[in-house]
Amino acid sequence: MRLNEETASESQRRFSLIRVLLVDDHEVVRRGVRSLLAARTDFEVCGEAVDGQDGVEKAKLLKPDVVVMDVSMPRLNGFEATRSILNVLPGIGVLILSQYESREIIKQAFRAGARGYVAKSSIAKQLEDAVDAVSRGNEFVASAPNFASDVDSQEVLQHSAALERNLTEKELWQNQELLRAAFAQTHSFLAMLSIDGTILEANRSALEGTGFSRGEVVGRKLWEVWWRSLPEEQAKAKTSVESASRGLAVREECQYLLRDGTIRFADRTLTPVQNERGEVVMIVASGLDITEHRQLRSMLEDRVRVRTGELEVKNQELVRQADVVRELSARLLQIQDEERRRIARELHDSVGQMLAAVNMNLALANEEAQALSPTAAKALTETGNLLGQISSEIRTISHLLHPPLLDEVGLQSALEWYIEGFSDRSKIDVALELPDDFGRLPRNLEITLFRVVQECLTNIHRHSGSSTAAIRVARSENEVRLEVRDAGKGIPTETQTNVASGKLSGVGLRGMRERLHQMGGQLEVQSNGSGTLVVATLPIEIIPAKQATASSKGAA
């Protein structure tokens with residue numbers, strides 16, 4: 001039973017293809033080996049590699065049964081490549097193919113892990129047997145080697161060259177015809193140049209597309225044809241040819257001429273062609289007409305410029321309108337302050353005086369209260385009490401609208417008075433830190449700072465839930481800084497974002513920012529879960545305290 005299984009396995013193996021990877025840096029040798037292996041129907045060349053490193057990468061990708069490996073190759077020699085392949089794919093058979101017939105080289109090959117060794121001088125006779133043996137897992141060494149230290153490889157080269165001539169002449173001819181057809185029929189302008197810029201050949205598109213005949217082009221310098229009357233373009237073309245002759249590819253936009261003198265635009269490329277030694281032997285010049293593309297691009301650029309100009313005009317109009325709105329807002333705030341001052345003065349001078357007169361009349365009536373009935377006397381007393389409350393409320397409203405201390409004494413006294421009243425009404429403990437030598441500020445700055453403090457304390461009372469607040473006012477040579485801090489629940493993140501971006505939704509915050517902005521100042525709000533800090537800064541011009549006081553009184 002076991003014998004039958006082995007026979008079946010052997011039969012199956014014989015009818016399966018042996019996949020071979022060729023690794024050699026000489027193309028003519030690879031072609032020769034491929035031609036020899038083509039005689040066997042059970043051999044398939046699955047790939048070719050041009051050096052040792054390429055062989056390692058191709059082996060990992062293709063996973064062949066046998067690798068036919070040269071020894072002397074760039075980047076990685078055959079022995080090192082063999083070790084690298086077998087480290088990853090230990091089941092692959094490696095056959096070393098070398099021009100050396102030295103015992104020491106053969107030993108090194110097998111130490112590297114190769115299963116077989118064939119000298120290139122014996123390739124024609126022993127290659128098939130060697131590949132077949134290595135694919136079976138057997139070792140193979142060329143029979144009766146002469147072990148010369150340097151063996152001439154002319155046999156394999158001549159054999160390969162002969163096979164090259166016999167088997168590929170038709171293929172080469174077909175390839176040449178395909179190249180000629182591609183060169184002639186491509187829509188791009190193509191020209192072959194010598195390294196000094198002489199035109200060797202030009203395709204049909206380059207000739208018919210520009211109106212020149214082949215006789216007018218071939219044999220002349222590149223810049224003498226399509227750039228004959230464009231001196232700047234001629235200089236650029238000469239420089240580009242010189243760069244290409246040194247091995248550098250050049251791509252650039254340029255103008256060029258039709259035969260009738262019409263100027264058009266092209267995307268030009270000069271590509272050097274190098275031989276196996278890296279020497280530039282020819283330059284391929286290609287061009288693609290981009291005149292319509294440039295015209296379209298120019299039209300788009302013109303439209304963009306026009307549209308940009310329109311947007312700039314609209315933007316300027318928006319800026320102007322924003323300035324007008326800002327001026328109106330500033331004027332509105334100024335009118336509001338003036339109206340508050342007028343109403344406060346009317347309450348003080350008119351309503352307050354009338355209430356004082358009523359109070360005096362009640363005092364006279366109280367002198368004769370014993371003549372009244374008990375009910376009337378009680379009503380008179382209650383009326384006096386209500387009149388006192390009304391007078392107090394009117395006075396408070398008047399002072400809140402516009403504290404007289406702000407005009408008469410200055411910001412410090414006005415803030416102390418306001419904070420004292422606020423603490424009594426709200427039961428919030430407010431601490432004020434303000435230097436004794438703070439002095440006076442221009443009236444509009446003092447009003448602005450007072451209103452900011454008013455708004456901040458109102459917000460703390462309404463929204464923060466804080467039982468304390470701290471106010472700090474400081475001034476430097478050219479700036480006054482106001483800080484109002486609480487220990488409440490803070491401001492929501494969305495509101496903070498709006499404050500930072502200027503998209504204020506609340507009337508109070510917007511009013512503070514507008515007041516500060518019209519004075520050249522700034523508003524900053526910092527908040528978290530443990531409290532909020534509002535910072536207002538204003539630029540100031542230092543003026544003597546007496547002058548500031550006189551200015552405030554005069555304005556009042």
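Let me sum up the structure you'll find in this document. Within each chain, residue numbers correspond to sequence positions counted from 1 in written order. With the structure being a predicted model, the display of local features is reserved for residues of pLDDT at least 70 and the display and counting of side-chain atom pairs for 80 or more, all residues being used for whole-chain, interface and lining totals. Just so you know, side-chain values use all the structure's heavy atoms and leave hydrogens and water out.

**Things to note about the pattern of salt bridges**
Oppositely charged side chains may form a pair once their charged atoms are brought near each other.
Thought 1: Whenever Lys or Arg places a side-chain nitrogen within 4 Å of a carboxyl oxygen from Asp or Glu, that contact is recorded as a salt bridge. Taken as a whole, this structure holds 28 salt bridges when the rule is applied.
Thought 2: When the shortest N-O distance is used, the salt bridge between D289 and R264 registers 3.0 Å. Pair noted here: D289 is in strand β11 (residues 280-289) and R264 is in strand β10 (residues 263-274), with a separation of 25 residues, a long-range link.
Thought 3: Think of it in three bands: residues with accessible area under 20% of the maximum for their type are buried, residues over 50% are exposed, and the middle band is partly exposed, with areas taken using a 1.4 Å probe on protein chains only. Judged by relative accessible area, D289 falls into the partly exposed class, the value being 25%.
Thought 4: Between R472 and E433 there is a salt bridge, with its nearest N and O atoms 3.4 Å apart. Of this pair, R472 sits in strand β13 (residues 468-475) while E433 sits in strand β12 (residues 429-433), and the two are 39 residues apart along the sequence. Counting from the N terminus, the helices are DSSP H or I runs at least four residues long and the strands are E runs at least two residues long.

**Points about the packing of helix α3 (residues 52-62) against helix α4 (residues 78-88)**
Thought 1: To obtain each axis, a line is fitted to C-alpha atoms, and for helices this fit is confined to the stretch in contact; angles are then taken between N-to-C directions over 0 to 180 degrees. The contact between α3 and α4 brings their axes to 9 Å, and the two run at 15°. One finds that α3 runs roughly parallel with respect to α4. Judged by the sense of rotation from one axis to the other, the crossing of α3 with α4 is right-handed. Between α3 and α4, the contacting residues are G52, G55, V56, A59 and K60 on the first element and A81, S84, I85 and V88 on the second.
Thought 2: Under this grouping Gly is polar, as are all residues other than the nonpolar Ala, Val, Leu, Ile, Met, Phe, Trp, Tyr, Cys and Pro and the charged Asp, Glu, Lys and Arg. Considering only residue class, the contact of α3 with α4 consists of five nonpolar, three polar and one charged. Comment on the angle field: the value is read as roughly parallel under 35 degrees, roughly antiparallel over 145, roughly perpendicular from 65 to 115, and oblique elsewhere. A clockwise turn of the near helix away from the far one marks a right-handed crossing, whereas an anticlockwise turn of less than a right angle marks a left-handed crossing. Note on contacts: a residue pair qualifies if any of its non-hydrogen atoms lie within 4.5 Å across the two residues.

**Looking at empty space enclosed by the protein**
Thought 1: Note on definitions: the grid is 1 Å and covers protein atoms alone; a cavity is a set of points where a 1.4 Å probe fits but cannot get out; a pocket is an open set with protein on both sides within 12 Å along at least five of seven lines; lining residues have an atom within 4 Å of a point. Grid points are joined across faces, edges and corners, and a volume is the space filled by probe spheres set on the points. A full pass over the atoms with the stated rule returns two cavities of 30 Å³ or more.
Thought 2: Considered as a void within the structure, the largest cavity measures approximately 180 Å³ in volume.
Thought 3: If you list the elements that add at least two residues to the lining of the largest cavity, you get β7 (189-193), β9 (250-257), β10 and β11.
Thought 4: The residue makeup of the lining of the largest cavity, split by class, is 11 nonpolar, two polar and one charged.

**Remarks on unusual backbone geometry**
Thought 1: The residue K63 is not glycine, and still its phi comes out positive at about 50°.
Thought 2: Positioned with a positive phi, K427 is a non-glycine residue whose angle comes to about 60°.

**Observations concerning the side chain of T537**
Thought 1: By secondary structure assignment, the location of T537 is in strand β16 (residues 531-539).
Thought 2: According to the relative accessible area criterion, T537 is buried, its value standing at 14%.
Thought 3: Those residues in contact with T537 that sit more than four places away from it in its chain are E479, V480, R481, L516, G521 and Q522.

**Looking at a nonpolar patch on the surface**
Thought 1: Nonpolar side chains collect at one region of the surface, where L296, M299 and L300 lie side by side and expose about 280 Å² of accessible area between them.
Thought 2: With respect to the secondary-structure elements, L300 resides in helix α11 (residues 291-367).
Thought 3: Residue class for L300 comes out partly exposed when judged on its relative accessible area of 45%. In this analysis, a patch consists of residues with relative accessible area above 30% that form no salt bridge, clustered at 9 Å for like charges and at 5 Å for the nonpolar side chains Val, Leu, Ile, Met, Phe, Trp and Tyr. Under the convention used here, a 1.4 Å probe and the Shrake-Rupley method define accessible areas, while residue burial counts only the protein chains that appear.

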